[in-house]
Amino acid sequence: MANVSWSISIQVAGGPTVSAREGPIMVEAMDRIEVIIEPDAKDKKVSLQPDQASSIHLLLIKSDQYGDGTKITFKVNNGTKDGPDIALTGPQFYSGGAVMRLGLDPQALKFSNTSDDPAQIEIFIARDATP
């Protein structure tokens, strides 16, 4: 078991700062995954976890490049079915049950890259291994 905490701060120039945090969250398993998605890659599969979305406490997906919404995309795969493409136009952060908004139990993510450059993708997942 491990304790995971997270925090985020949004700052508006000349305006307010809004912060949120959670933790510690007790989790049974954590993975930090780093992959390179080559140019013209289509549906490169990255395995995440073998269980239901409800076992995930935290999921972060980020890239070293962000485009206009059409360069790097990903979709959730539940082992038999793919969800719709989601544009990776900025870091994606899901916590507190928000993973269920992806529509499928995310056993894997499939990435596509239509840019001319490789994209380094980092995924962090904190979950229960025995739901």
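Here the structure is shown first, and the text comes after it.
A brief look at the structure comes next. (Residues numbered from 1 in each chain as written. Predicted model: local features only at pLDDT ≥ 70, side-chain atom pairs only at ≥ 80, totals over all residues. Heavy atoms only, no water.)

All right, on to the pairing of strand β9 (residues 108-113) then. Look at any regular strand and the pattern is simple: side chains alternate between the two faces of the sheet. Within β9, 6 of the 6 residues are buried, which leaves it mostly tucked inside the rest of the structure. Two strands pair when backbone bridges link them, and strand β6 (residues 72-77) and β9 are joined in this way by 6 bridges, in the antiparallel orientation. From the neighbouring strand, Val-76 faces β9, where its bridge partner is Leu-109. (Buried < 20%, exposed > 50% of the residue type's maximum accessible area, 1.4 Å probe, protein only. Helix = DSSP H or I, 4+ residues; strand = E, 2+ residues; numbered from the N terminus. Pairing = 2+ DSSP bridges.)

With omega at 5°, the peptide bond leading from Gly-23 into Pro-24 counts as cis. Secondary-structure assignment places Pro-24 in strand β2 (residues 17-27). The phi dihedral of Asp-43 is positive, around 55°, even though this residue is not glycine. On the secondary structure map, Asp-43 appears in the loop between β3 (29-37) and β4 (44-47). Judged by its relative accessible area of 24%, Asp-43 falls in the partly exposed class.

Our focus in this paragraph is the nonpolar core. Among the nonpolar cores identified, the biggest contains 24 residues, and Leu-59, Ile-61, Leu-109, Phe-111, Ile-121 and Ile-123 are the most heavily contacted of them. No other element matches the 4 residues that strand β10 (residues 119-127) contributes to this core. The next biggest cluster of nonpolar side chains, apart from the first, holds 6 residues, and it includes Val-4, Trp-6, Ile-25 and Ala-126. (Core = buried A, V, L, I, M, F, W, Y, C linked by side-chain atoms within 4.5 Å.)

All told, the structure shown has 2 aromatic pairs when counted by the stated rule. Seen in terms of ring centroids, Trp-6 and Phe-93 are 4.9 Å apart; in terms of plane orientation they differ by 70°. Their pairing is edge-to-face. Of the two residues, Trp-6 sits in strand β1 (residues 2-11) while Phe-93 sits in strand β8 (residues 92-95), which places them 87 residues apart along the sequence. Consider the rings of Phe-74 and Phe-111, whose centres lie 5.8 Å apart with planes at 35°: the pair is tilted. A residue pair is termed long-range when its members are at least 10 positions apart, and Phe-74 in strand β6 and Phe-111 in strand β9 qualify at 37 residues. Just as Phe-74 is buried, Phe-111 falls in that class too. (Phe/Tyr/Trp six-rings, centres within 6.5 Å; stacked < 30°, edge-to-face > 60°.)

For the rest of this paragraph, the subject is the sheet that holds strand β7 (residues 86-87). Strand order in the open sheet made by the 4 strands is β4-β9-β6-β7, with antiparallel pairing throughout. The two strands at the open ends of the sheet, each matched to only one other strand, are β4 and β7. Here β4 runs beside β9; their pairing, made up of 4 bridges, is antiparallel. Pairing of Val-46 across the sheet is with Leu-109, part of β9.

A side chain with one charge can pair with a side chain of the opposite charge if their charged atoms come near. Going through the model one piece at a time under the given rule, you end up with 6 salt bridges. Glu-34 serves as the salt-bridge partner of Arg-32, at 2.9 Å between the closest nitrogen and oxygen. Classification of Glu-34 as partly exposed rests on a relative accessible area of 42%. For Arg-32, the salt bridge identified is with Glu-122, shortest N-O distance 2.7 Å. Placement of the pair is Arg-32 in strand β3 and Glu-122 in strand β10, with a sequence separation of 90 residues. The network of salt bridges with common partners includes Arg-32, Glu-34, Lys-62 and Glu-122. (Salt bridge = Lys/Arg side-chain N within 4 Å of Asp/Glu carboxyl O.)

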